[in-house]
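One-letter residues, chain by chain:
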Amino acid sequence: ISGEKTEDEILTEFMEVFEGPGGNHDGKVSIEEFEDYYANVSASVDDDNYFALVIEQAWKVKEVPNWEN
């Protein structure tokens, strides 16, 4: 074993993070799978503002205020 992975192996592992045991394993990350994953991640972060910052930096997006709340 060389300690290296193929692109396909890396992609498969990345997808498994989002699809997890409850996903449909179709090779696509649905909105539901994405939200489920981050709902679990957010539960381990004590501060909502910090969680929003982490997401903004990871995905290069800005939080949109939820005016309904």
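Scroll up to find the structure.
A few points on the structure. (Residues numbered from 1 in each chain as written. Predicted model: local features only at pLDDT ≥ 70, side-chain atom pairs only at ≥ 80, totals over all residues. Heavy atoms only, no water.)

## Points about a negative patch on the surface
Item 1. Together, D46, D47, D48 and E63 line one region of the surface with negative charge.
Item 2. Inspection of the secondary structure puts D48 in helix α3 (residues 48-59). (Patch = residues over 30% accessible without salt bridge, like charges linked within 9 Å, V, L, I, M, F, W, Y side chains within 5 Å. Areas by Shrake-Rupley, 256 points an atom, 1.4 Å probe, with all protein chains shown as cover. Salt bridge = Lys/Arg side-chain N within 4 Å of Asp/Glu carboxyl O. Lys, Arg positive; Asp, Glu negative; His and termini not counted. Charge placed at Lys NZ, Arg CZ, Asp CG, Glu CD. Helix = DSSP H or I, 4+ residues; strand = E, 2+ residues; numbered from the N terminus.)

## Focus: the packing of helix α1 (residues 7-19) against helix α2 (residues 31-42)
Item 1. Put simply, α1 and α2 touch, their axes get as near as 8 Å, and they point 75 degrees apart. By the angle class used here, α1 and α2 are roughly perpendicular. Here V17, F18 and E19 of α1 lie close against α2, whose contacting residues are E33, F34, Y37 and Y38.
Item 2. Grouping the constituent residues of the contact of α1 with α2 by class yields five nonpolar, no polar and two charged. (Axes fitted to C-alpha atoms, helices over the stretch in contact; angles between N-to-C directions. Parallel < 35°, antiparallel > 145°, perpendicular 65-115°, else oblique. Contact = heavy atoms within 4.5 Å. Nonpolar A, V, L, I, M, F, W, Y, C, P; charged D, E, K, R; others polar.)

## Looking at the packing of aromatic side chains
Item 1. In total, this model carries nine aromatic pairs according to the counting rule given.
Item 2. Here F18 and Y37 contribute two aromatic rings whose centre-to-centre distance is 4.9 Å and whose plane-to-plane angle is 55 degrees, an arrangement assigned as tilted. With a gap of 19 residues between them, F18 in helix α1 and Y37 in helix α2 connect regions that are remote in the sequence.
Item 3. Residue classification places F18 among the buried positions, given a relative accessible area of 7%.
Item 4. Ring geometry for F34 against Y38: centres 4.9 Å apart, planes inclined by 55 degrees, an arrangement best described as tilted. (Phe/Tyr/Trp six-rings, centres within 6.5 Å; stacked < 30°, edge-to-face > 60°. Buried < 20%, exposed > 50% of the residue type's maximum accessible area, 1.4 Å probe, protein only.)

## Description of the environment of A43
Item 1. Among the structural elements, A43 can be located in the loop between α2 and α3.
Item 2. Taking the C-alpha atoms as reference, A43 lies 20 Å from P65; in sequence the two are 22 residues apart.

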